[in-house]
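# Coordinates in review
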Amino acid sequence: MSDTQEKTASFLAQHCAAQIKGKVILTTGVSPSTLAAVFVRAIAKSQPALLILAGRNMEKVQETAKALEAENVKVRTLELNLGSIKDVRVAAATVNGWADVPYIDVLVNNAGVMAIDYGVSPEGNENHLAINHLGPFLFTNLIMAKVLASASPRVVTVSSDGHRLCPIRFDDVDFRKGETYNRWQAYGQSKTANMLMALSLADKLGTKGKLQAFSLTPGPWPVPSHLGDHIDWSVQLEEMLKVDRFFGNWQGWLKEFPMSTPDEGVAVYVVTAFDQNISAHNGTYFYDCRPANPGTETLKPWATSSVEAERLWKLTENLVGQEFQY
């Protein structure tokens, strides 16, 4: 078996079958053809107790659910619109009201958007920040009691190598209501936030709640998906490269990007959700199925700082209107 073959979700799910069997796993953003759908299909073969599939478009979520049920996997669906704080609270209340699901072993925060036009959530927050960070932050913390009820709780948050494109703009997270908006910086800021949230969860609950929290980038190279279907790459690729060049990122001078297959891209999901040998790396950002190496991979200090993480936690509590003290 080659190293390439071993770094696929389908192979690693078999390798981690004993850890997957009997687990309750909630995954967001599971429409067909998404990376999350590839992930849940890979782990379905290892007899999880329940796969909870969450998403905004219930017709698409049901399509993924039916495919899994055809393989005799127990599935439950959840309507979850991460772009609305009100809707997130409704979804979390639904989960907390499931008496027959007393715990959730693994929460995979996968849903997100990339490089969309400027827009704001119902609460007035820039949409990348709202959908990619504020919604997952609130949902995760509102159902945390069920996660911590697991014997081995984990929260996995899908970030991106794109965190290189922007730190948290603490004094102007909304780009002056669009006046200074750059879609790639907005995306990068939200992906930085994903990494900092994992760091905070590990710090706050790693010992007290025995929670393991990780962030990751799919890959190791970009993965074809529908996430960028709306993007005119003939225009937007150069805009992204300009941001890279501004920060001095080596990606700014690439002429083309190698690609990973979906099965390769989602392998890191399986590792961070189930591998029993990574507990020493709680809070860490994973690249290519292992903790990212700042000497060889993109790993910005603004996304790995405990100071930045705590500052973002407090800012996020303010934006969602609720404190979570652990």
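Residues numbered from 1 in each chain as written. Predicted model: local features only at pLDDT ≥ 70, side-chain atom pairs only at ≥ 80, totals over all residues. Heavy atoms only, no water.

Now for the overall build of the chain. Looking only at helices and strands, the chain features 13 helices and 8 strands. Against the globule reference of 20 Å for 326 residues, the chain gives a C-alpha radius of gyration of 18 Å, in line with a compact fold. Within the chain, the proportion of its 326 residues that are buried is 56%. Long-range pairs, those at least 24 residues apart, make up 77% of the contacts in the chain with a sequence separation of at least 6. With the model as given, the accessible surface of the chain reaches about 14,000 Å², and the carbon-plus-sulfur share is 51%. The average position of the 30 basic charges and that of the 34 acidic charges among the side chains of the chain differ by 4 Å. (Helix = DSSP H or I, 4+ residues; strand = E, 2+ residues; numbered from the N terminus. Rg over C-alpha atoms; globule rule 2.2 N^0.38 Å. Buried < 20%, exposed > 50% of the residue type's maximum accessible area, 1.4 Å probe, protein only. Contact = heavy atoms within 4.5 Å. Areas by Shrake-Rupley, 256 points an atom, 1.4 Å probe, with all protein chains shown as cover. Lys, Arg positive; Asp, Glu negative; His and termini not counted. Charge placed at Lys NZ, Arg CZ, Asp CG, Glu CD.)

Overall, the coordinates contain 13 salt bridges when judged by the stated rule. Close ionic contact of K314 with E310 constitutes a salt bridge, the shortest N to O distance being 3.3 Å. With a gap of 4 residues between them, K314 and E310 both fall in helix 13 (residues 306-320), about one helical turn apart. Residue classification places E310 among the partly exposed residues on the basis of a relative accessible area of 27%. (Salt bridge = Lys/Arg side-chain N within 4 Å of Asp/Glu carboxyl O.)

The next subject is the UniProt feature "coiled-coil region" (unreviewed entry) in the chain. According to UniProt, the positions carrying the feature "coiled-coil region" (unreviewed entry) are residues 51-78. Here residues 51-78 is 43% helix and 32% strand, with 11 Å between the C-alpha atoms at its ends. (UniProt positions renumbered as here; feature names shortened; annotations may be inferred.)

Turning our eyes to something else, we now look at unusual backbone geometry. For the bond running from G219 to P220, omega is 25°, close enough to zero to count as cis. As for its position among the elements, P220 is in the loop between strand 6 (212-216) and helix 10 (233-247). Of note in the backbone geometry, S33 takes a positive phi value of approximately 75° without being a glycine. Residue placement: S33 occurs in the loop between strand 1 (24-28) and helix 4 (35-44). A relative accessible area of 44% means that S33 is categorised as partly exposed. The backbone of Q47 sits at a positive phi, close to 60°, despite the residue not being glycine.

Looking now at the side chain of N109. Relative to the assigned elements, N109 resides in strand 4 (residues 106-109). You can call N109 buried: its relative accessible area is 4%. A polar contact of 3.0 Å, which involves the side chain of N109, links it to the side chain of T140. When near neighbours in sequence (up to four residues on either side) are disregarded, N109 contacts T28, P136, T140, V155, V156, T157, V158 and M197. (Polar contact = N/O pair within 3.5 Å; in protein donor to acceptor, adjacent residues only side chain to side chain.)

A few words now on the sheet that holds strand 7 (residues 285-287). Strands pair in a sheet through their backbones, by hydrogen bonds, and they do so in one of two ways: parallel or antiparallel. With mixed pairing, 8 strands are arranged side by side in an open sheet as 3-2-1-4-5-6-7-8. Among the strands making up the open sheet, the edge pair consists of strand 3 (75-79) and strand 8 (290-291). Sheet analysis places strand 6 next to strand 7, joined by 2 bridges and oriented parallel. Looking at strand 7, one finds that S215 is bridged to Y285. Together, strand 1, strand 2 (50-55) and strand 4 form the strand contacts of helix 4, whose direction differs from that of strand 1 by roughly 165°. Docked against the sheet, helix 12 (residues 267-274) engages strand 1, strand 4, strand 5 (154-158), strand 6 and strand 7, running at close to 155° with respect to strand 5. (Pairing = 2+ DSSP bridges. Axes fitted to C-alpha atoms, helices over the stretch in contact; angles between N-to-C directions.)

Attention shifts here to empty space enclosed by the protein. Tallied over the entire structure, the rule returns 3 cavities of 30 Å³ or more. Each pocket or cavity is described by its volume, and for the largest cavity that value is around 40 Å³. Looking at the lining of the largest cavity residue by residue, the class counts come to 3 nonpolar, 5 polar and 1 charged. (1 Å grid on protein atoms, 1.4 Å probe; cavity = no way out; pocket = protein on both sides within 12 Å on 5 of 7 lines; lining within 4 Å. Points joined across faces, edges and corners; volume = space filled by probe spheres on them. Nonpolar A, V, L, I, M, F, W, Y, C, P; charged D, E, K, R; others polar.)

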